[in-house]
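Single-letter residue listing:
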Amino acid sequence: MHKVASALTIAGTDPSGGAGIQADLKVFQEQEVYGMSVITSVVAQNTLGVQDVQHLSIDFIEKQLDAVLTDIPPQAMKTGMIATVDMMELIAKKLANTNIPYVIDPVMVAKSGDSLMDEKSRQVIRNTLIPHATVVTPNVPEAEILVGFEIHDNQDAEKAAKVIVNELGAKAAVVKGGHLEGAAVDVLYDGEDFYYLKADRFETKHTHGTGCTFSAAITAELAKGKQIKDAVVIGKDFITDAIQYPLELGNGHGPTNHWGYRLKSLPGQREVSK
Ligand SMILES: Nc1ncnc2c1ncn2[C@@H]1O[C@H](COP(=O)(O)OP(=O)(O)O)[C@@H](O)[C@H]1O
Ligand SMILES: Cc1ncc(COP(=O)(O)O)c(N)n1
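Presented here is an overview of the structure given in this document. Everything numeric in this text was worked out from a predicted model, so none of it was measured.

1. Describing the pairing of strand β5 (residues 76-79)
Part 1 of the argument: Alternating positions in β5 separate into two faces, A76 and K78 on one and M77 and T79 on the other, with burial throughout.
Part 2 of the argument: Bridge analysis of strand β1 (residues 6-11) against β5 gives 4 bridges, and the strand direction is parallel. Each residue of the ladder has a partner; that of T9, found in β5, is K78.
Part 3 of the argument: In terms of handedness, the path from β5 via helix α3 (residues 85-95) over to strand β6 (residues 102-104) forms a crossover that is right-handed.

If you want it as structure tokens, here you go:
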């Protein structure tokens, strides 16, 4: 018998395959975790932008959640695009009955600038979902909305990660530096220590789905039983390789390369410092 850990993603779709549910499932597969998915919103989008969105009903999302949770309980889960307050409340209710690592990628806006979460939900996510999180992985604009102050450098990112943990109640937070200048530095705070995860910044327009890919890789590692810091370090390696070796697909911001991690040279190649 071949035993594998399983992971669940709850998110919106990307028919062009670079972000959302599709990206998450590819990453789970790459990281040798059995992937499952609950769809919250069906999104007509591609590398150029979002053309339209249809939200599924709360009742139907709940049926999907129950179908998975009562049959194949995952060892870890993540949420991505959760567009409305009702969806958040439903997921929070289900989470009250589970005790598995939970990664939140608080997706608010697509790379194209299109909104993926309504205004009210941007505030409500703080006290519905974040208190349940094992790791929250906001980019700079998302972290600014969560904490209510501007982030210009790594010191600000440290402050924001600390607020997300100490005040909003997550176990750990990684404030991603993709939107800042210079090297691609992400700041992890696990309630005790800060870690700087540093990678070269690559000149590329192929960054569609970077946040989804990073958080899915972290989720996969947590499902396999890794500690938070180790899971985030592997996630950073995974996303860095996925950005470094682009696939050159699409006419806009192309997808990252989910096989990139196979092309990497050595594990732990990226700089991690306290
Ligand atoms: N050009 C780049 N080169 C290398 N790493 C990058 C680049 N852009 C983003 N990253 C990394 O990709 C991950 C996702 O980052 P970010 O772009 O901040 O998030 P999001 O996709 O949610 O907007 C982070 O680990 C970040 O440091
Ligand atoms: C369904 C869905 N979820 C998330 C994103 C964000 O993608 P990115 O990681 O590029 O910010 C997206 N474009 N679509």
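There's more to say after this.
2. Section: unusual backbone geometry
Part 1 of the argument: Of note, E32 is a non-glycine position whose phi angle comes to about 60°, a positive value.
Part 2 of the argument: One can find E32 in the loop between α1 (20-30) and β2 (34-39).
Part 3 of the argument: Although it is not a glycine, E248 sits at a positive phi angle of roughly 60°.
Part 4 of the argument: Topologically, E248 is positioned in the loop between α8 (228-244) and α9 (260-263).
Part 5 of the argument: For E248, a relative accessible area of 57% translates into the label exposed.

3. Some points on a nonpolar patch on the surface
Part 1 of the argument: A cluster of nonpolar side chains, contributed by V4, Y34 and I72, occupies part of the molecular surface with about 250 Å² of accessible area.
Part 2 of the argument: The class for I72 is partly exposed, based on a relative accessible area of 32%.

4. Description of the packing of helix α7 (residues 210-223) against α8
Part 1 of the argument: Between α7 and α8, the shortest axis-to-axis distance is 8 Å and the interhelical angle comes to 140°. When the interaxial angle is binned, α7 and α8 end up oblique. Relative to α8, α7 is oriented so that their crossing is right-handed. Residue-level contacts link T210, T213, F214, A217, I218, E221 and L222 of α7 to I228, A231, V232, I234, G235, K236, F238, I239 and I243 of α8.
Part 2 of the argument: Along the lines of polarity and charge, the residues of the contact of α7 with α8 split into 11 nonpolar, 3 polar and 2 charged.

Criteria and thresholds
- The written sequence of each chain sets the order in which its residues are numbered from 1.
- Lettering of chains starts at A and numbering of ligands starts at 1, both following the order in which they are written.
- Predicted model: local features are reported for residues with pLDDT of at least 70 only, side-chain atom pairs are reported and counted for 80 or more only, and whole-chain, interface and lining totals are derived from all residues.
- Where side-chain values are given, they derive from all heavy atoms of the structure, hydrogens and water being excluded.
- For each residue, the accessible area found with a 1.4 Å probe, counting protein chains only, is set against the maximum for its type, and the residue is called buried under 20%, exposed over 50%, and partly exposed in between.
- Secondary structure is summarised from DSSP: a helix means a run of H or I of at least four residues, a strand means a run of E of at least two, and numbering begins at the N terminus for each.
- Strands are labelled as partners when DSSP assigns at least two bridges between them.
- Seen with its strands pointing away from the viewer, a crossover is right-handed if its path from the first strand over the helix to the second goes clockwise.
- For patch detection, residues must exceed 30% relative accessible area and be free of salt bridges, and they are connected within 9 Å for like charges or within 5 Å for nonpolar side chains (Val, Leu, Ile, Met, Phe, Trp, Tyr).
- Each accessible area is a Shrake-Rupley estimate made with a 1.4 Å probe; only the visible protein chains count as cover when residues are assessed.
- Basic side-chain nitrogens of Lys or Arg form a salt bridge, by our definition, when they fall within 4 Å of a carboxyl oxygen of Asp or Glu.
- In this analysis an axis means a line fitted to C-alpha atoms, helices contributing only their contacting stretch, and an angle means the value between N-to-C directions, from 0 to 180 degrees.
- Should an angle lie under 35 degrees it is considered roughly parallel, over 145 roughly antiparallel, and from 65 to 115 roughly perpendicular; all remaining angles are considered oblique.
- Crossings are classed by handedness, with left-handed meaning an anticlockwise turn of the near helix from the far one by less than a right angle and right-handed meaning a clockwise turn.
- Should any heavy atoms of two residues lie within 4.5 Å, those residues are counted as being in contact.
- Charged means Asp, Glu, Lys or Arg here, nonpolar means Ala, Val, Leu, Ile, Met, Phe, Trp, Tyr, Cys or Pro, and polar covers whatever is left, Gly included.

From the geometry alone we can't say anything about function, so treat these as descriptive.
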